[in-house]
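# Understanding the architecture of this molecule
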Amino acid sequence: MQSDIGLIGLAVMGQNLALNIADHGFAISVYNRTTAKTDEFVKENPKTPGKLTGCPTMKDFAASLKKPRKAVILVKAGGPTDAVINELAAVFEPGDIIIDGGNALWTDTIRRERELKAKGLRFIGSGVSGGEEGARFGPSLMPGGDAAAWAELKPIWEAVASKVDAVTGVELTGATPGKPIKGGVPCVAHIGPDGAGHYVKMVHNGIEYGDMQLICEAYNIFKAAGFSNAELADIFADWNA
């Protein structure tokens with residue numbers, strides 16, 4: 001049986017997203033530069049609702065995927081991403097889709113889509129937010145790129161995304177391995193063309209880091225005023241409510 005989608009890069013984020021995809025019943029092929037890591041990952045997760053297939057080479061990886069092929073890249077931004085894209089482009093065919101789920105610079109995404117389009121390949125740059133836990137049980141997803149390519153990816157991305165209540169907008173929680181959230185509104189939307197998804201992820205990160213700085217400054221002011229850690233824990237818990 002050929003896989004619905006593939007994923008390259010089995011660091012923590014890649015492993016968790018692959019398991020999330022498999023939990024929703026999709027067959028997924030995985031590849032890592034270190035073959036032993038691929039083998040270990042597949043061996044450790046033998047009973048996912050969807051099938052996990054480990055591939056020893058990029059050529060095997062491409063051959064394992066349904067056409068048009070879809071492959072998610074989750075490796076370090078910059079040079080490593082370009083290297084994997086070039087490897088994939090060598091074994092993919094016109095019409096196949098490459099999805100970069102890393103924290104790419106949005107201008108790099110524009111360049112990559114242009115270069116791949118010249119080869120007949122389609123490219124989606126998708127922000128992925130939520131960290132390790134989000135990748136495992138439901139991230140917020142920000143895809144940008146060709147609308148027809150997005151239509152191919154949409155069923156999978158909507159399935160694995162975080163879900164919120166349609167009325168309140170509150171996140172639905174409680175997913176466990178093999179038992180994802182059912183129902184709700186998926187936290188994913190086609191942002192726009194080329195680098196739009198990664199541009200929005202950049203703005204998201206800026207807000208997030210500003211928020212973290214605000215928390216640090218508040219903590220520093222309270223500590224300077226003589227509050228104990230226990231008192232601070234109560235104050236921050238109250239603010240979070």
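Our structure is the block above this text.
These lines cover the structure that appears in this document, whether it is placed above or below. Please read all numbers here as calculations on a predicted model, not as lab measurements.

### A look at the sheet that holds strand 1 (residues 5-8)
Two modes of strand pairing occur in sheets, parallel and antiparallel, and in both the strands are linked by backbone hydrogen bonds. Taken in spatial order, the seven strands line up as 3-2-1-4-5-6-7 in an open sheet, and their pairing is mixed. In this open sheet, the two edge strands, each paired with only one partner strand, are strand 3 (52-54) and strand 7 (140-145). The mean inter-strand angle of the sheet, taken between neighbouring strand axes irrespective of direction, is 25°. Here strand 2 (residues 28-31) runs beside strand 3; their pairing, made up of three bridges, is parallel. The partner of S29 across the bridge, within strand 3, is T53. Those strands touched by helix 2 (residues 35-44) are strand 2 and strand 3, and its axis lies near 155° from that of strand 3.

### Details of the packing of aromatic side chains
In this structure the tally under the stated criterion is five aromatic pairs. Taking 4.9 Å as the distance between ring centres and 75° as the angle between the ring planes, the aromatic pair formed by F222 and F227 counts as edge-to-face. Residue classification places F227 among the partly exposed residues on the basis of a relative accessible area of 30%. When the ring of F222 is compared with that of W239, the centres are 5.8 Å apart and the planes differ by 50°; the resulting orientation is tilted. One end of the pair, F222, is in helix 8 (residues 196-224); the other, W239, is in helix 9 (residues 229-240), and 17 residues separate them in sequence. Taken together, the aromatic side chains of F222, F227, F236 and W239 make up a single cluster linked through ring pairs.

### Here we look at unusual backbone geometry
Residue P68 is reached from K67 by a cis peptide bond, and omega for that bond is -5°. Looking at the secondary structure, you find P68 in the loop between helix 3 (58-63) and strand 4 (70-73). With phi around 30°, D194 is a residue other than glycine that occupies positive phi space. Tracing the backbone through its elements, the reader meets D194 in the loop between strand 9 (185-186) and helix 8.

### So, the side chain of T38
Along the chain, T38 turns up in helix 2. Within the structure, T38 has its side chain in polar contact with the backbone nitrogen of N32 (distance 3.1 Å).

### Observations concerning the environment of V167
Assignment of secondary structure puts V167 in the loop between strand 8 (163-164) and strand 9. Considered as a pair, V167 and V185 are 18 residues apart in the sequence and their alpha carbons are 9.5 Å apart.

### Here's the deal with the packing of helix 4 (residues 79-91) against helix 5 (residues 106-117)
Packing of helix 4 against helix 5 brings their axes to within 12 Å, and their N-to-C directions diverge by 15°. Regarding the angle of helix 4 to helix 5, the classification is roughly parallel. Considering how the two elements wind past one another, helix 4 and helix 5 form a crossing that is right-handed. Note on element contacts: helix 5 touches helix 4 through R111, R112 and L116, opposite T81, D82, I85 and A89.

### Section: helix 5
In this model, helix 5 (twelve residues) spans 17 Å end to end at C-alpha, consistent with the 16 Å of a helix rising 1.5 Å per residue. T109, R112, E113 and L116 are the residues of helix 5 that are buried. All buried residues of helix 5 fall inside an arc of 100° around its axis, so they share one side. For helix 5, the secondary structure elements touched by its buried residues are helix 4, strand 5 (97-100), strand 6 (122-129), strand 7 and helix 8.

Reading guide: rules and limits
Residues numbered from 1 in each chain as written. Predicted model: local features only at pLDDT ≥ 70, side-chain atom pairs only at ≥ 80, totals over all residues. Heavy atoms only, no water. Pairing = 2+ DSSP bridges. Helix = DSSP H or I, 4+ residues; strand = E, 2+ residues; numbered from the N terminus. Axes fitted to C-alpha atoms, helices over the stretch in contact; angles between N-to-C directions. Contact = heavy atoms within 4.5 Å. Phe/Tyr/Trp six-rings, centres within 6.5 Å; stacked < 30°, edge-to-face > 60°. Buried < 20%, exposed > 50% of the residue type's maximum accessible area, 1.4 Å probe, protein only. Polar contact = N/O pair within 3.5 Å; in protein donor to acceptor, adjacent residues only side chain to side chain. Parallel < 35°, antiparallel > 145°, perpendicular 65-115°, else oblique. Left-handed = near helix turned anticlockwise from the far one by under 90°. Expected span 1.5 Å × (residues − 1). Arc of directions from axis to C-beta.

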